[in-house]
Amino acid sequence: MNIMAEIAIICGVCLVSEVISALIPAAFPASVIALVLLALLLFAKILKPEHIQRFSAFLVANMAFFFLPSCVGVMEHAPAILRQLAPFLLISFLTTPLVYLATAWAVQWMIRRARRKEGRSRD
Amino acid sequence: MTDVILTSPFFGLTLTAAAWCAGCWLQKKTGLLLCNPLLIAVALIIAVLALLDIPYAAYSAGGDFIKLMLGPVTAVLALNIYNQRAILKEHFLPVLAGCLVGSLTSVGSILALCRLFRVEEALTASLLPKSVTTAIAMGIAESHGGVAGIAAAAVMVAGITGAVFAPLFARVFRITEPVAEGLAIGACSHALGTTRAIEIGSVQGAMSSIAICVCGIITSLLALFL
């Protein structure tokens with residue numbers, strides 16, 4: 001597929017998502033709507049992976065690069081962060097293992113329970 | 001001449017691309033996880049702007065072009081989900097339940113801690129989505145009166161914590177199921193953690209990618225009710 005056609009498809013999905021985001025009354029990021037929309041198009045087989053393969057590969061391979069300007073934007077807000085540096089760092093560090101623990105235990109418990117049930121029905 | 005340079009969008013574009021290359025080079029040279037290309041590049045750009053006393057607006061004239069691409073970058077994560085649809089189908093319920101538990105824990109614990117420390121509303125709104133991938137986190141933060149830049153910083157801290165300590169977490173919390181381990185890494189530390197999950201194993205890497213997307217969607221939905 002022509003690379004410009006790939007760009008047209010992906011940018012078109014983003015454009016439609018911005019319209020949807022503006023139409024729904026709640027604040028919902030257009031980028032997440034674009035993610036869902038593109039996934040729906042793929043699962044419905046309206047789009048094939050090869051229709052967006054090359055542009056997607058380029059974006060994902062350089063994903064972190066596109067976040068640079070937003071991160072540099074932090075310097076505009078340095079005073080606000082520095083004023084509350086302790087809670088900022090504490091909350092950012094503490095909640096990460098907590099989320100890991102909750103997610104991993106929930107999933108592990110569900111998988112093991114399903115496996116036990118399967119084992120029992122086989123007996 | 002300085003005027004021409006500082007008003008041209010090419011200034012921000014050149015600086016960003018050059019700083020990114022320098023960050024990648026340093027990561028390759030040292031192999032240190034803390035020499036993350038994103039961290040190095042951000043530090044370099046901020047250092048250049050601060051040392052030469054260049055206003056942020058001069059940089060963002062070019063930076064805004066790159067920022068514009070965050071939409072497409074997030075959208076194509078859909079291809080990630082689609083490519084791993086076989087694993088997703090096999091473990092559909094645990095994936096959904098796990099991401100829901102993870103997102104609830106994240107938002108709940110951040111809200112509780114912010115109340116405990118009497119954190120300003122703007123900072124609370126910026127910290128709230130810190131476990132999800134940057135593009136989504138910034139969108140959620142901004143739509144709740146937070147600051148996208150602060151959200152991005154918190155997302156970075158969470159990502160690096162997960163990427164560095166993921167194997168330790170698995171040992172300490174006795175997580176032996178690859179599916180559970182991968183989902184947990186993606187739920188707490190998004191794309192940055194996923195780079196480590198892929199090193200641990202292919203199932204962990206796949207599940208972590210799925211968790212980035214599902215937790216991003218669930219957290220956006222949760223944020224609607226706050």
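Residues numbered from 1 in each chain as written. Chains lettered and ligands numbered in written order. Predicted model: local features only at pLDDT ≥ 70, side-chain atom pairs only at ≥ 80, totals over all residues.

Trainee: Mind showing me how you'd approach the overall build of chain B here?
Mentor: Secondary structure summary: chain B contains 13 helices and zero strands in total. When the elements of chain B are put in sequence order from the N terminus, they spell out α-α-α-α-α-α-α-α-α-α-α-α-α. On C-alpha atoms alone, chain B measures out to a radius of gyration of 19 Å, which is about the 17 Å that the 2.2 N^0.38 rule sets for 226 residues. Overall, chain B is about 60 × 40 × 30 Å in size when its C-alpha atoms are taken along their principal axes. A burial count over chain B gives 54% of its 226 residues as buried. Counting contacts in chain B only where the partners sit at least 6 residues apart, residues at least 24 apart contribute 61% of the total. (Helix = DSSP H or I, 4+ residues; strand = E, 2+ residues; numbered from the N terminus. Rg over C-alpha atoms; globule rule 2.2 N^0.38 Å. Buried ≥ 20, exposed ≤ 12 C-beta atoms within 10 Å, placed from the backbone. Contact = placed C-beta atoms within 7 Å.)

Trainee: Before we go on, may I ask you to explain the confidence of the model for chain A in this structure?
Mentor: Detailed reading of the predicted model is not advised wherever pLDDT is low. Residue-level pLDDT values for chain A average 88, and 97% of them are 70 or greater. Within chain A, helix 5 (residues 78-83) of chain A has the poorest average pLDDT of any element, 81, and helix 1 (residues 3-23) of chain A the best, 95. (pLDDT = per-residue confidence, 0-100.)

Trainee: Before we go on, may I ask you to explain the environment of Lys-29 of chain B in this structure?
Mentor: All names here are of chain B. Counting through the fold element by element, Lys-29 comes out in helix 2 (residues 9-30). Among the residues examined, Lys-29 registers 9 C-beta atoms within 10 Å and is labelled exposed. Taking the C-alpha atoms as reference points, Lys-29 and Leu-183, separated by 154 residues in sequence, lie 31 Å from one another.

Trainee: Before we go on, may I ask you to explain unusual backbone geometry in this structure?
Mentor: Trans peptide bonds make up most of the peptide bonds, and negative phi angles are found at most residues other than glycine. Despite not being glycine, Lys-45 of chain A shows a phi value in the positive range, around 65°. Within the secondary structure, Lys-45 of chain A sits in the loop between helix 2 (30-43) and helix 3 (49-61). We classify Lys-45 of chain A as exposed; it has 7 C-beta atoms within 10 Å. Here Asp-53 of chain B, not a glycine, exhibits a phi torsion of approximately 55°, which is positive. Relative to the elements of secondary structure, Asp-53 of chain B occurs in the loop between helix 3 (37-51) and helix 4 (56-68).

Trainee: Looking at this model, I keep getting lost on the domain arrangement of chain B. Mind explaining?
Mentor: Frequently, the measure chosen for interface size is the accessible area removed from exposure when the parts meet. Domain boundaries in chain B define domain 1 (2-68) and domain 2 (77-224). Taking only C-alpha atoms, the centre of domain 1 of chain B and the centre of domain 2 of chain B are 27 Å apart. (Domains from an automatic or database assignment.)

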